[in-house]
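Working through the structure, step by step
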Amino acid sequence: MDILIKNGNIVDGTLAKPFIGDLHIKDGKIHAIGENIHIDGIKIVDAKGRVVAPGFIDTHSHSDLVMLLNPYNEVKIRQGITTEVLGQDGISMAPLPIEYISPWRKNLAGLDGDSDDIDWEYETTENYLNMMAKKGVGLNETYLVPHGNIRMEAMGLAGKAATDKQIERMCEITRREMEAGAYGLSTGLIYMPCAYSETKEVIEMCKVVAEYDGVFVVHQRSEADTILNSMKEIIRIGKESGVKVHFSHFKVCGKQNWKYIDEVIELLEEVKKTGIKVSFDQYPYAAGSTMLGVILPPWAHNGGTDELIKRLKSKSDREKMKADIEKGIPGWDNFVDFAGIDQIFVTSVKTDKNQEVVGMSLEELGKFKGKDPLDATFDLLRDEENAVGMVDFYGKEEHIIKFMKRPEHNVCTDGLMAKGKPHPRAYGSFPKILGRYVREKKVLTIEQAINKMTKKAAEAIGIKGRGSLEVGKHADVLIIDMETVIDKGTFIDPVQFPVGIDNVFINGHHVIDEGVYNKILAGKVVKRN
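In this report, we go over the structure that sits alongside the text. (Residues numbered from 1 in each chain as written. Predicted model: local features only at pLDDT ≥ 70, side-chain atom pairs only at ≥ 80, totals over all residues. Heavy atoms only, no water.)

**Some thoughts on the overall build of the protein chain**
Along the protein chain, the regular secondary structure elements total 18 helices and 23 strands. A compact globule built from 529 residues should have a C-alpha radius of gyration of about 24 Å, and the protein chain, at 22 Å, falls within 12% of that. By sequence separation, contacts in the protein chain at least 24 residues apart represent 76% of the contacts at least 6 residues apart. Accessible surface, the protein chain: about 19,500 Å² in total, of which carbon and sulfur atoms supply 48%. Here the protein chain holds 69 positive side-chain charges and 79 negative ones, and the gap between their average locations is 2 Å. (Helix = DSSP H or I, 4+ residues; strand = E, 2+ residues; numbered from the N terminus. Rg over C-alpha atoms; globule rule 2.2 N^0.38 Å. Contact = heavy atoms within 4.5 Å. Areas by Shrake-Rupley, 256 points an atom, 1.4 Å probe, with all protein chains shown as cover. Lys, Arg positive; Asp, Glu negative; His and termini not counted. Charge placed at Lys NZ, Arg CZ, Asp CG, Glu CD.)

In structure tokens:
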């Protein structure tokens, strides 16, 4: 389709000064950019008074299962996202050996959901990506191979350190999945089974990723009490493996830990001097979201979800869990400690029988059930087989802004796509940057904000051919009304589309046309190289 966008304020993603001009889309690519382009007989879109920008790149997405169930993914497209990066936090869809399908589905459910409506016997990343491509995708999808999946294939779900032979096997699997088109390796060092790994295991895997100029995307072991040592571990991995490091959803959690923020920034400054490539992404909300099972001590997850459920049925194990939550474990991010039971909220459950507790804090859950809040929480996790989502409030807006202004920063959603009351970041992260932090608070200029949502994000992951408005690049293009753009979702009512992103083009297809969503599978499964 040929399209001519006229009279827009072009912000091209490169940090160049905006200018009024036209943009010609032809055969899915950007064909020309300039002033007073005239072409007869094609569709013209007048962007006068509005910004024309590259499509946004979500470097931390959890649409991994959703894309096989609802490949249109209007939730992401409505906020201007045209490319997203799947396979996050070391826990995702592939690789998945057939013998581990049942326990892995339960482990994954609280993060990415679960469904009987797909064929889970795809086994490898190559087959998973091909299955997604065959079904079609509404926006562009890229993939990171997850550490936890690799570890499971190499040594099962045991909570122990890997042997040298098992690490060697993990490296072989990593190489296979990088060859299948993954952009890098992800890990979630608070999630099982990734949390059981020693540093040397991750270093060896990252050496393989570095051979492909891939990226290591990491939810580090601590974003709270031991964040400084946690960051030093990741920096060591980058130094010893040569891999590019990208910290996921960067933050410092808990009032008692805000004192570390300046030291965290000092570490970032020190790393810049070493030549290690470090970047991070961030969603612009002072609350996080993940699976509720993370409030349990690591040993409770040993052996996978089936073993966890047995422990949740054991009175003695429950008492030990309570004691560990109350006293803490060195090196473990204790969500109850840094957020509190009154600031952790249930966002989703799997079964109908517990839908009434969605939206409650753990404190409210205890009152509703007439028992100790932790016992009520343990019961919920047991009954829902660990498939429970949560939101936790951990920080302040001034801290978000401090990290947002860093040169390593780009924007993400980290949006969990489960039903219920998801974190509003799934619906509004990118529009919130433009509305609140560019227009209202003037934290960033429009050029800086667009760069952090496009070209900077593409460079962090290694995505080629997207992220800026340049001739020859794929035509992922937005038209944005900077007078109105803003997120609308709240923590009470999160399921609301944003406003102000009136037109979205994906690979040249006009997917949102002056606010009207055209249900088109316009995306591509984009593999490395």
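From this point on, the discussion continues.
**Thoughts on the layout of surface pockets**
One simple way to see leftover space: roll a probe sized like a water molecule over the atoms. Each pocket or cavity is described by its volume, and for the largest pocket that value is around 720 Å³. Around the largest pocket sit 27 residues that line it, and V66, G113, M417, A418 and K419 are the ones nearest its centre. Of all the secondary structure elements, the ones that give two or more residues to the lining of the largest pocket are α1 (66–69), α2 (74–77), α3 (101–112) and α16 (425–440). At three residues, α3 tops the list of elements feeding residues into the lining of the largest pocket. Looking at the lining of the largest pocket residue by residue, the class counts come to 15 nonpolar, seven polar and five charged. (1 Å grid on protein atoms, 1.4 Å probe; cavity = no way out; pocket = protein on both sides within 12 Å on 5 of 7 lines; lining within 4 Å. Points joined across faces, edges and corners; volume = space filled by probe spheres on them. Nonpolar A, V, L, I, M, F, W, Y, C, P; charged D, E, K, R; others polar.)

**Some words on empty space enclosed by the protein**
Inspection of every chain in the model, using the stated rule, returns five cavities of 30 Å³ or more. Taken as a whole, the largest cavity spans an internal volume of roughly 120 Å³. Lining the largest cavity are 19 residues, with Y191, H219, K251, S289 and T290 positioned closest to its centre. The leading source of residues in the lining of the largest cavity is strand β15 (residues 287–291), at three residues. Taken together, the residues of the lining of the largest cavity break down into seven nonpolar, six polar and six charged. One number sums up the size of the second largest cavity: a volume of about 100 Å³. In terms of lining, the second largest cavity is formed by 13 residues, of which the most central are F250, K251, Q282, Y394 and I400. The leading source of residues in the lining of the second largest cavity is helix α15 (residues 397–404), at three residues. Of the residues belonging to the lining of the second largest cavity, the class tally is seven nonpolar, four polar and two charged.

**Quick notes on the packing of helix α9 (residues 261–274) against α15**
One can describe the packing of α9 onto α15 by two numbers: an axis separation of 12 Å at closest approach and a directional angle of 10°. By the angle between their directions, the pair α9 and α15 is classed as roughly parallel. Across from I261, D262, V264 and I265 in α9, the residues of α15 making contact are H399, K402 and F403. Considered class by class, the residues forming the contact of α9 with α15 number four nonpolar, one polar and two charged. (Axes fitted to C-alpha atoms, helices over the stretch in contact; angles between N-to-C directions. Parallel < 35°, antiparallel > 145°, perpendicular 65-115°, else oblique.)

**Quick word on the sheet that holds strand β8 (residues 81–86)**
Spatially, three strands are ordered β6-β8-β9 in an open sheet, and the strand pairing comes out parallel. Two strands in the sheet have a free side with no partner beyond their single neighbour: β6 (56–58) and β9 (140–143). In this sheet, neighbouring strand axes are inclined to one another by 20° on average, regardless of whether the strands run parallel or antiparallel. Across four bridges, β8 lies against β9 in parallel orientation. Bridge pairing links V85 to T142 in β9. Across the sheet, helix α4 (residues 125–135) lies against β8 and β9, angled at about 175° from β9, the strand it touches most. (Pairing = 2+ DSSP bridges.)

**Topic: the sheet that holds strand β11 (residues 184–188)**
Pairing in this open sheet of six strands is parallel, and the strands run β10-β11-β12-β13-β14-β18 from one edge to the other. Strands at the two margins of the open sheet, each flanked by one partner only, are β10 (145–146) and β18 (409–411). Here strand β12 (residues 215–219) runs beside strand β13 (residues 244–247); their pairing, made up of four bridges, is parallel. Among the inter-strand pairings, V215 is bridged to a residue of β13, identified as K244. Taken strand by strand, helix α8 (residues 227–241) contacts β12 and β13, and its axis lies near 155° from that of β13.

**A few points about the nonpolar core**
In this structure, F56, M93, Y128, L434 and I480 are the most contacted members of the largest nonpolar core, which totals 95 residues. Core analysis: the next-biggest nonpolar cluster, separate from the first, contains 45 residues, C171, M178, V245 and F247 among them. (Core = buried A, V, L, I, M, F, W, Y, C linked by side-chain atoms within 4.5 Å. Buried < 20%, exposed > 50% of the residue type's maximum accessible area, 1.4 Å probe, protein only.)

**Quick look at the state of the cysteines**
Throughout this description, disulfide means a covalent bond between two cysteine sulfur atoms. This model, assessed by the stated rule, comprises zero disulfides. Cysteine C171 is unpaired, with the sulfur of C206 as its nearest cysteine sulfur at 9.4 Å. By relative accessible area, C171 is classed as buried at 13%. Free cysteine C253: the closest other cysteine sulfur is in C412, separated by 13 Å. Among the residues examined, C253 registers a relative accessible area of 2% and is labelled buried. (Disulfide = S-S within 2.5 Å.)

**Some words on unusual backbone geometry**
With omega at 0°, the peptide bond leading from A94 into P95 counts as cis. By the element assignment, P95 lies in the loop between β8 and α3. Backbone geometry places L15, a non-glycine residue, at a positive phi of 80°. Mapping L15 onto the fold places it in the loop between β1 (3–10) and β2 (19–26). The class for L15 is partly exposed, based on a relative accessible area of 49%. In this structure, N73 takes a positive phi of about 50° despite not being glycine. For N73, the position within the fold is in the loop between α1 and α2.

**Description of a negative patch on the surface**
A surface patch of like charges, here negative, comprises E99, D119, E121 and E123. Position of D119 among the secondary structure elements: in the loop between α3 and α4. (Patch = residues over 30% accessible without salt bridge, like charges linked within 9 Å, V, L, I, M, F, W, Y side chains within 5 Å. Salt bridge = Lys/Arg side-chain N within 4 Å of Asp/Glu carboxyl O.)

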